[in-house]
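Structural description and commentary
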Amino acid sequence: MRYKVNKTSVVNPDINSSEWDKAEVGHLTKQRWKEFFQPINTSFKILRGPRGISVLMHTDEKNLRAVNKEENSRVCDDSCMEFFFKPDPWDTKYINFEFNPDGILFLSVGTDRYDREILDTDREIFKIESIPNDGDWSLKFYIPDDFLFNYFNKISDVCRGNFYKCGELTGHSHFISWVEAEAPEPDFHIPDFFGYLEF
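Below: a short report on this structure. (Residues numbered from 1 in each chain as written. Predicted model: local features only at pLDDT ≥ 70, side-chain atom pairs only at ≥ 80, totals over all residues. Heavy atoms only, no water.)

Details of the overall build of the protein
The following threshold applies: We count a stretch as a helix when DSSP gives it H or I for four or more residues in a row; a strand needs E for two or more, and each element gets its number in order from the N terminus. Computation of the radius of gyration draws on C-alpha atoms alone. For the globule rule, the value is 2.2 Å times the number of residues to the power 0.38. Only protein chains enter the accessibility calculation, which uses a 1.4 Å probe; a residue whose area is less than 20% of its type maximum is buried, one above 50% is exposed, and one in between is partly exposed. Charged residues are defined narrowly, with Lys and Arg counted positive, Asp and Glu counted negative, and His plus the chain ends left uncounted. Each charge is placed at NZ for Lys, CZ for Arg, CG for Asp and CD for Glu.
When you go through the protein residue by residue, the secondary structure sums to 1 helix and 14 strands. Expected size for 199 residues packed as a compact globule is a radius of gyration near 16 Å; at 15 Å, the protein falls within 12% of this value. Across the 199 residues that make up the protein, the buried fraction comes to 56%. Taking the 24 positively charged and 35 negatively charged side chains of the protein as two groups, their mean positions are separated by 4 Å.

A few points about the side chain of K86
For clarity, the cut-off: Think of a salt bridge as a Lys or Arg side-chain nitrogen and an Asp or Glu carboxyl oxygen that are within 4 Å of each other. Note on contacts: a residue pair is in contact if any heavy atoms of the two residues lie within 4.5 Å.
One can find K86 in strand β6 (residues 80-86). The buried charged residue K86 lacks any salt bridge partner; its closest oppositely charged side chain belongs to D192, at an N-O distance of 6.3 Å. Ignoring anything within four residues of it in the chain, the contact list for K86 reads D91, T92, K93, Y94, C159, R160, P191 and F194.

What about the state of the cysteines?
For clarity, the cut-off: The definition used for a disulfide is geometric: two cysteine sulfur atoms within 2.5 Å.
A full pass over the atoms with the stated rule returns 0 disulfides. Take C76: it sits in no disulfide, and the sulfur closest to it among the cysteines is that of C166, at 5.8 Å. What makes C76 buried here is its relative accessible area of 12%.

Details of the layout of surface pockets
Inclusion rule: A pocket, in this scheme, is an open set of points on a 1 Å grid over the protein atoms alone with protein on both sides within 12 Å along at least 5 of 7 lines, while a cavity is a set where a 1.4 Å probe fits but cannot get out; residues line either one if an atom lies within 4 Å of a point. Grid points are joined across faces, edges and corners, and a volume is the space filled by probe spheres set on the points. When residues are sorted by character, Ala, Val, Leu, Ile, Met, Phe, Trp, Tyr, Cys and Pro go into the nonpolar class, Asp, Glu, Lys and Arg into the charged class, and all the rest, Gly among them, into the polar class.
Each pocket or cavity is described by its volume, and for the largest pocket that value is around 390 Å³. If you go around the largest pocket, you meet 20 residues; those closest to its centre are R74, C76, E98, R113 and H189. Residue assignment for the lining of the largest pocket shows that the elements contributing at least two residues are β6, β7 (94-99), β8 (105-110) and β9 (116-118). The class makeup of the residues in the lining of the largest pocket is 9 nonpolar, 4 polar and 7 charged.

Okay, here's the thing in C-alpha coordinates:
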(Lines give C-alpha, C1' and ligand atoms only; values in the text may rest on other atoms or scores of the structure.)
Protein backbone atom coordinates (compact mmCIF):
# COMPACT_ATOMS: atom_id res chain seq x y z
CA MET A 1 0.00 0.00 0.00
CA ARG A 2 1.19 3.50 -0.86
CA TYR A 3 -0.08 6.94 0.09
CA LYS A 4 1.06 10.18 -1.52
CA VAL A 5 1.50 12.95 1.05
CA ASN A 6 0.69 16.37 -0.38
CA LYS A 7 2.21 19.63 0.84
CA THR A 8 0.80 22.68 2.58
CA SER A 9 2.37 26.05 3.35
CA VAL A 10 0.44 26.15 6.64
CA VAL A 11 2.51 25.01 9.62
CA ASN A 12 -0.35 23.37 11.50
CA PRO A 13 -3.77 23.42 9.77
CA ASP A 14 -6.57 23.08 12.29
CA ILE A 15 -9.15 20.34 12.21
CA ASN A 16 -11.64 22.33 10.09
CA SER A 17 -9.14 24.02 7.79
CA SER A 18 -9.79 24.01 4.04
CA GLU A 19 -6.13 23.00 3.66
CA TRP A 20 -7.26 19.41 4.20
CA ASP A 21 -8.94 19.54 0.79
CA LYS A 22 -5.41 19.25 -0.64
CA ALA A 23 -4.84 15.87 1.01
CA GLU A 24 -5.66 12.46 -0.40
CA VAL A 25 -7.92 10.18 1.62
CA GLY A 26 -6.69 6.81 2.86
CA HIS A 27 -9.15 4.18 4.10
CA LEU A 28 -8.79 1.55 6.79
CA THR A 29 -10.46 -1.57 5.39
CA LYS A 30 -8.37 -4.53 6.56
CA GLN A 31 -9.96 -6.70 9.23
CA ARG A 32 -7.79 -9.80 9.25
CA TRP A 33 -9.22 -11.30 12.44
CA LYS A 34 -12.81 -11.98 11.38
CA GLU A 35 -14.02 -12.84 14.87
CA PHE A 36 -13.56 -9.13 15.62
CA PHE A 37 -15.22 -7.83 12.46
CA GLN A 38 -17.18 -4.59 12.88
CA PRO A 39 -18.79 -2.32 10.23
CA ILE A 40 -16.70 0.69 11.26
CA ASN A 41 -15.44 3.09 8.60
CA THR A 42 -12.21 4.97 9.35
CA SER A 43 -10.11 7.23 7.15
CA PHE A 44 -6.99 9.38 7.34
CA LYS A 45 -5.30 12.32 5.64
CA ILE A 46 -1.70 13.56 5.92
CA LEU A 47 -0.23 16.94 4.97
CA ARG A 48 3.46 17.85 4.89
CA GLY A 49 3.99 21.34 6.26
CA PRO A 50 7.09 23.55 6.42
CA ARG A 51 8.21 22.25 9.82
CA GLY A 52 6.17 19.15 10.51
CA ILE A 53 3.53 16.61 9.55
CA SER A 54 -0.21 16.99 10.20
CA VAL A 55 -2.54 14.00 10.48
CA LEU A 56 -6.34 13.99 10.33
CA MET A 57 -8.37 10.87 11.14
CA HIS A 58 -12.10 10.20 11.19
CA THR A 59 -14.26 7.26 12.22
CA ASP A 60 -17.98 6.54 12.33
CA GLU A 61 -17.71 4.23 15.36
CA LYS A 62 -20.78 4.36 17.60
CA ASN A 63 -20.93 3.98 21.38
CA LEU A 64 -17.49 5.48 21.89
CA ARG A 65 -15.54 4.41 24.97
CA ALA A 66 -13.18 6.88 26.71
CA VAL A 67 -12.42 5.51 30.17
CA ASN A 68 -8.66 6.12 30.35
CA LYS A 69 -7.89 9.65 31.55
CA GLU A 70 -4.12 9.48 32.18
CA GLU A 71 -1.55 10.08 29.44
CA ASN A 72 0.24 6.87 28.41
CA SER A 73 -2.52 4.71 29.85
CA ARG A 74 -4.13 1.87 27.86
CA VAL A 75 -6.11 3.95 25.41
CA CYS A 76 -6.17 0.88 23.10
CA ASP A 77 -8.82 -0.53 25.47
CA ASP A 78 -10.98 2.50 24.65
CA SER A 79 -12.22 3.57 21.25
CA CYS A 80 -8.84 4.28 19.72
CA MET A 81 -7.27 5.65 16.52
CA GLU A 82 -3.57 5.07 15.96
CA PHE A 83 -0.66 6.04 13.71
CA PHE A 84 2.55 3.99 13.74
CA PHE A 85 5.34 5.84 11.92
CA LYS A 86 8.87 5.05 10.80
CA PRO A 87 10.38 8.29 9.38
CA ASP A 88 13.58 6.50 8.36
CA PRO A 89 12.70 3.19 6.65
CA TRP A 90 16.21 1.85 7.34
CA ASP A 91 15.94 2.45 11.08
CA THR A 92 14.61 -0.46 13.12
CA LYS A 93 12.67 1.94 15.39
CA TYR A 94 9.18 3.32 14.88
CA ILE A 95 6.98 5.61 16.94
CA ASN A 96 3.33 4.96 17.81
CA PHE A 97 0.67 7.58 18.46
CA GLU A 98 -2.51 6.13 20.03
CA PHE A 99 -5.50 8.33 20.97
CA ASN A 100 -8.87 7.86 22.65
CA PRO A 101 -11.84 10.20 22.03
CA ASP A 102 -10.75 12.54 24.85
CA GLY A 103 -7.46 13.11 23.04
CA ILE A 104 -5.53 11.12 25.66
CA LEU A 105 -2.31 9.95 24.04
CA PHE A 106 -0.20 6.84 24.47
CA LEU A 107 3.22 7.54 22.92
CA SER A 108 6.24 5.26 22.65
CA VAL A 109 9.22 4.47 20.45
CA GLY A 110 11.12 1.23 19.87
CA THR A 111 11.73 -1.71 17.57
CA ASP A 112 8.77 -3.97 18.38
CA ARG A 113 5.94 -4.57 20.85
CA TYR A 114 8.29 -5.36 23.74
CA ASP A 115 11.30 -3.14 23.09
CA ARG A 116 9.66 0.22 23.67
CA GLU A 117 10.35 3.44 25.54
CA ILE A 118 7.24 5.25 26.76
CA LEU A 119 7.59 8.98 26.10
CA ASP A 120 6.40 11.71 28.47
CA THR A 121 6.76 14.45 25.86
CA ASP A 122 4.74 17.61 26.52
CA ARG A 123 1.48 16.95 24.65
CA GLU A 124 1.13 20.62 23.75
CA ILE A 125 3.61 20.24 20.90
CA PHE A 126 1.23 17.86 19.08
CA LYS A 127 -1.65 20.39 18.97
CA ILE A 128 -4.20 17.60 19.50
CA GLU A 129 -7.78 18.35 18.48
CA SER A 130 -10.38 15.67 19.17
CA ILE A 131 -14.08 16.12 18.42
CA PRO A 132 -16.08 13.05 19.44
CA ASN A 133 -19.78 12.55 18.78
CA ASP A 134 -21.70 9.29 18.63
CA GLY A 135 -20.88 7.87 15.21
CA ASP A 136 -18.71 10.81 14.23
CA TRP A 137 -15.25 11.25 15.75
CA SER A 138 -12.60 13.46 14.16
CA LEU A 139 -9.01 13.68 15.40
CA LYS A 140 -6.18 15.96 14.29
CA PHE A 141 -2.60 16.06 15.54
CA TYR A 142 0.71 17.60 14.49
CA ILE A 143 4.17 15.99 14.57
CA PRO A 144 6.98 18.58 14.56
CA ASP A 145 10.15 17.67 12.68
CA ASP A 146 12.22 18.75 15.69
CA PHE A 147 10.45 16.16 17.82
CA LEU A 148 11.14 13.36 15.34
CA PHE A 149 14.82 14.28 15.12
CA ASN A 150 15.14 13.45 18.82
CA TYR A 151 14.68 9.78 17.90
CA PHE A 152 15.45 9.43 14.19
CA ASN A 153 18.37 10.60 12.04
CA LYS A 154 16.22 11.67 9.12
CA ILE A 155 12.74 12.00 7.65
CA SER A 156 12.95 10.22 4.31
CA ASP A 157 11.15 11.06 1.10
CA VAL A 158 9.55 7.62 1.40
CA CYS A 159 8.68 6.66 4.98
CA ARG A 160 6.89 3.61 6.40
CA GLY A 161 3.77 3.58 8.53
CA ASN A 162 0.36 2.17 9.26
CA PHE A 163 -2.97 3.43 10.57
CA TYR A 164 -5.19 1.49 12.94
CA LYS A 165 -8.64 1.59 14.51
CA CYS A 166 -9.17 -0.57 17.57
CA GLY A 167 -11.08 -0.86 20.81
CA GLU A 168 -10.37 -3.91 22.92
CA LEU A 169 -12.87 -3.26 25.74
CA THR A 170 -15.53 -1.32 23.85
CA GLY A 171 -18.15 -4.08 23.85
CA HIS A 172 -17.66 -4.27 20.08
CA SER A 173 -13.98 -5.23 19.98
CA HIS A 174 -12.33 -4.48 16.65
CA PHE A 175 -8.89 -4.35 15.01
CA ILE A 176 -8.89 -2.52 11.66
CA SER A 177 -5.87 -1.38 9.66
CA TRP A 178 -4.80 0.43 6.50
CA VAL A 179 -2.23 -2.25 5.61
CA GLU A 180 -3.04 -5.77 6.72
CA ALA A 181 -0.91 -7.07 9.59
CA GLU A 182 -0.40 -10.73 8.69
CA ALA A 183 -0.36 -12.25 12.17
CA PRO A 184 -2.37 -15.15 13.62
CA GLU A 185 -3.87 -12.94 16.33
CA PRO A 186 -4.32 -9.17 16.73
CA ASP A 187 -0.92 -7.47 16.70
CA PHE A 188 -0.20 -4.07 15.15
CA HIS A 189 3.43 -3.92 16.27
CA ILE A 190 4.86 -5.59 13.18
CA PRO A 191 6.70 -2.96 11.09
CA ASP A 192 7.25 -5.46 8.25
CA PHE A 193 3.60 -4.80 7.42
CA PHE A 194 3.80 -1.02 7.33
CA GLY A 195 2.85 0.72 4.09
CA TYR A 196 4.75 3.40 2.18
CA LEU A 197 4.18 7.12 2.73
CA GLU A 198 5.59 9.19 -0.14
CA PHE A 199 6.52 12.73 0.92
